[in-house]
Amino acid sequence: MEKTDQSSGKINPKAPAALSRFAFLIGKWQFNAKFHSGNGGWEEFEGTWEGRSILDGYAIADEYRMTNSSGEVIVLGMNFRVYDSARQLWNIKWLNALDGTWIDLASPEFGGAHFDDHSVSYIFKDPAAAWIYTRATYTSISRMHFTWLGEKSDDRNTWTEFMVIECHRTVS
């Protein structure tokens, strides 16, 4: 079997074409995050997000690391993204390294992943969150920037923004 150069960030041409929809994540990113605190204000955090092609270019893995103002890692994990062509659905899983748990991020139960010309979104349940549902939306996607919006809901009808992450590609 021919191996694809992992360092190039290229998706295998034999992989499902849909995989390229998350190719914007491939590379190294720095971000500033604003989290809506319980008192009505916003807390700010920093972090890195690094995406790469894995498994000979058939999947994308992106490592996410957020730190507080004292430099302590408060979120650390990895997303794994693959597309199941036979079932025409995304398998996107989050591995939380700090507590050893997995979350299904694009469950068909909640409609899977949605793509349009300007954004990507999906809904999931995070058992550690104080709310029932989280909607993640990637928007303002360009070669050098993207925005991740986190919204919360208890009924999937009313959504409230709780986090905004502005990611900027690092130049090496």
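Residues numbered from 1 in each chain as written. Predicted model: local features only at pLDDT ≥ 70, side-chain atom pairs only at ≥ 80, totals over all residues. Heavy atoms only, no water.

J.: Now, about the overall build of the protein: what can you tell me, with residues and values included?
T.: For the protein, the helix and strand inventory stands at 0 helices and 11 strands. Secondary structure elements of the protein, listed N to C terminal, follow the sequence β-β-β-β-β-β-β-β-β-β-β. The C-alpha radius of gyration of the protein comes to 16 Å, within 12% of the 16 Å expected for a compact globule of 172 residues. In terms of overall dimensions, the protein has a C-alpha envelope of 55 × 40 × 35 Å along the principal axes. Of all 172 residues assigned to the protein, the portion counted as buried reaches 42%. Approximately 9800 Å² of the protein is accessible, and the part contributed by carbon and sulfur atoms is 50%. (Helix = DSSP H or I, 4+ residues; strand = E, 2+ residues; numbered from the N terminus. Rg over C-alpha atoms; globule rule 2.2 N^0.38 Å. Buried < 20%, exposed > 50% of the residue type's maximum accessible area, 1.4 Å probe, protein only. Areas by Shrake-Rupley, 256 points an atom, 1.4 Å probe, with all protein chains shown as cover.)

J.: Which residues make up the environment of Ser140, and what values do they have?
T.: Inspection of the secondary structure assignment puts Ser140 in the loop between β9 (133-139) and β10 (145-153). Given a relative accessible area of 43%, Ser140 falls into the partly exposed group. Not counting chain neighbours up to four residues away, the residues in contact with Ser140 comprise His118, His145, Phe146 and Thr147. (Contact = heavy atoms within 4.5 Å.)

J.: Requested: an account of the sheet that holds strand β11 (residues 160-169), with residues and values cited.
T.: Taken in spatial order, the 11 strands make up an open sheet running β6-β5-β4-β3-β2-β1-β11-β10-β9-β8-β7, and their pairing is antiparallel. Edge positions in the open sheet fall to β6 (101-104) and β7 (114-115), since each of these has one partner strand only. Judged from the 4 bridges that link them, strand β5 (residues 89-96) and β6 form a sheet pairing that is antiparallel. Counted as the bridge partner of Asn96 is Thr101 from β6. (Pairing = 2+ DSSP bridges.)

J.: Can you lay out unusual backbone geometry for me, pointing to particular residues and giving the numbers?
T.: Here Gln88, not a glycine, exhibits a phi torsion of approximately 55°, which is positive. Its location among the elements puts Gln88 in the loop between β4 (73-84) and β5. Given a relative accessible area of 63%, Gln88 falls into the exposed group. Phi at Arg156 is positive, roughly 65°, even though this residue is not glycine. Its place among the elements puts Arg156 in the loop between β10 and β11. The partly exposed category is assigned to Arg156, whose relative accessible area is 35%.

J.: Give me the side chain of Ser37: which residues, what numbers.
T.: Mapped onto the elements of the fold, Ser37 is located in the loop between β1 (27-36) and β2 (42-54). Once you skip the residues sitting within four places of it in the chain, Ser37 turns out to touch Trp42 and Glu43.

J.: How would you summarise the side chain of Glu151 if you had to cite specific residues and measurements?
T.: On the secondary structure map, Glu151 appears in strand β10. Residue Glu151 is classed as buried on the basis of its relative accessible area, which comes to 17%. Aside from chain neighbours lying at most four places away, what touches Glu151 is Tyr133, Thr134, Arg135, Thr137, Trp159, Thr160, Glu161 and Phe162.

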